[in-house]
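Read off the chains here:
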Amino acid sequence: MKFKILAGLAILALLSACGEQAANTDGAQNPVKAQTFKWKLVTSWPKNFPGLGTGPEKFAKLVDEMSDGRLKIKVYGAGQLVPALEVFDAVSRGTAQMGHSGAYYWKGKAPAAQFFTSVPFGLNAQEMHGWIHYGGGMELWQELYAPFNLIPLAGGNTGVQMGGWFNKEINSLDDLKGLKMRIPGLGGEVLERAGGTPVTLPGGELFTALQTGAIDATEWVGPYNDLAFGLYKAAKFYYYPGWHEPGSMLEFMVNKTAFDKLPKDLQAIVRTASRATNQDMLDEYTARNNHALKELVEKHGVQLRAYPDDVLLKLRDLSDDVLADVASKDPMTQKVYESFKAYKQNVMEYHSLTEQAFLNARNK
Ligand code: CA
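Residues numbered from 1 in each chain as written. Predicted model: local features only at pLDDT ≥ 70, side-chain atom pairs only at ≥ 80, totals over all residues. Heavy atoms only, no water.

### Section: the coordination of the calcium ion
- At the metal site, the calcium ion is ligated by Q161 (OE1), E219 (OE), E219 (OE), W220 (O) and E245 (OE), and these contacts range over 2.1 to 2.8 Å.
- Along the chain, the residues that donate to the calcium ion are spaced as Q-x57-E-W-x24-E. On the criterion of sequence distance, the pair formed by Q161 in the loop between β4 (150–157) and β5 (164–166) and W220 in the loop between β8 (217–218) and α9 (223–228) is long-range, its members being 59 residues apart. Here Q161 and W220 have matching classes, each one buried. (Donors = N, O, S within 2.8 Å, 3.2 Å for Na, K, Ca; no water. Helix = DSSP H or I, 4+ residues; strand = E, 2+ residues; numbered from the N terminus. Buried < 20%, exposed > 50% of the residue type's maximum accessible area, 1.4 Å probe, protein only.)

### Overview of helix α5 (residues 125–134)
- Of all 10 residues making up α5, eight are buried, and the element is well covered by its neighbours.
- Buried residues belonging to α5 abut α6 (137–145), β4, β10 (249–255), α11 (264–299) and α13 (331–353).
- Where α5 begins, the side chain of N124 points an oxygen toward the backbone nitrogen of Q126, at a separation of 3.2 Å.
- Following α5 by one or two positions, G136 adopts a phi angle in the positive range, close to 95°. (Contact = heavy atoms within 4.5 Å. Polar contact = N/O pair within 3.5 Å; in protein donor to acceptor, adjacent residues only side chain to side chain.)

### Focus: the pattern of salt bridges
- Summed over the entire model, instances satisfying the criterion amount to 16 salt bridges.
- When the shortest N-O distance is used, the salt bridge between D64 and K72 registers 3.3 Å.
- By relative accessible area, D64 is classed as partly exposed at 24%.
- Overall, K72 belongs to the partly exposed group, its relative accessible area being 38%.
- With a closest N to O distance of 2.8 Å, D325 and R193 form a salt bridge. On the criterion of sequence distance, the pair formed by D325 in helix α12 (residues 309–328) and R193 in helix α7 (residues 185–193) is long-range, its members being 132 residues apart.
- With relative accessibility at 40%, the residue R193 sits in the partly exposed group.
- One network of salt bridges, in which partners are shared, links K58, D280, E284 and R288. (Salt bridge = Lys/Arg side-chain N within 4 Å of Asp/Glu carboxyl O.)

Structural data, given as structure tokens:
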């Protein structure tokens with residue numbers, strides 16, 4: 001009996017030693033695993049901007065730790081290497097290996113890209129994550145970006161945004177007529193149908209544009225980010241809800257040629273770190289937005305306003321028209337729209353019995 005135990009321990013010790021030896025020599029004998037990579041990541045946000053800008057910084061740190069320093073990623077703020085709205089082109093041509101931005105900025109290159117940020121009266125963050133990762137959205141997004149030599153990955157989510165900053169009250173749809181407002185993507189197209197003039201500006205230019213009167217109104221993200229830009233100093237009415245961006249997903253994009261050069265484990269690390277960053281950003285916004293809103297209202301005297309119900313209903317009708325029109329213009333956008341629409345119908349039905357019913361019950 002004693003002999004058997006001793007023999008067993010000896011065998012275990014031997015196996016264990018073999019295992020260690022194999023592990024120790026693996027890196028040295030495998031040149032692929034010994035190789036280190038240095039990447040650049042360009043973004044559309046000011047360096048270290050709360051949430052949007054700290055997301056890619058956390059991503060780079062996570063990749064460094066997970067890869068034990070084999071993949072080093074240097075993050076650039078908007079304008080440091082390329083301007084905010086040239087991230088797509090820069091990563092496509094390989095000036096940087098990665099980018100972090102919002103897909104709706106690229107509607108001029110691929111109209112369907114707008115569906116991968118947010119759709120007016122579309123999906124909230126939870127629903128959007130479901131469509132992207134389990135509802136066919138990611139496969140369509142990959143198909144859309146493939147001709148640009150890009151691989152898209154989820155890069156964060158803001159949750160339901162705020163409706164924007166105005167210097168006059170919005171009491172009817174007519175109040176939007178002639179209004180020059182910064183509002184990108186499909187939301188901008190809806191504003192145009194309502195008689196307004198949408199403009200797309202990077203975040204870093206919003207405050208000055210609003211303060212100088214170059215624009216009459218702007219939306220940005222939500223209290224946590226809008227407070228950081230000091231938008232309350234240039235407009236007094238803060239509208240909700242953000243009907244135009246109910247769950248905006250940020251994106252990482254990877255140059256495919258660079259991605260293909262990575263060994264499989266580093267590819268998995270990039271994918272996994274993007275999923276972690278995606279959820280982390282939503283968690284941060286969820287925890288911090290309400291504190292920031294209290295500060296805006298209590299410390300800075302911001303006046304909160306709800307969009308009137310009839311204005312929201314009319315905007316919803318206009319949104320349906322915009323989506324159908326945008327989709328009809330090219331087959332790829334039609335395909336994305338059909339997938340989005342079918343998923344939305346399904347998830348709406350289920351969430352009316354669960355998330356929505358619960359929130360109604362809780363808030364009674
Ligand atoms: Ca926004």
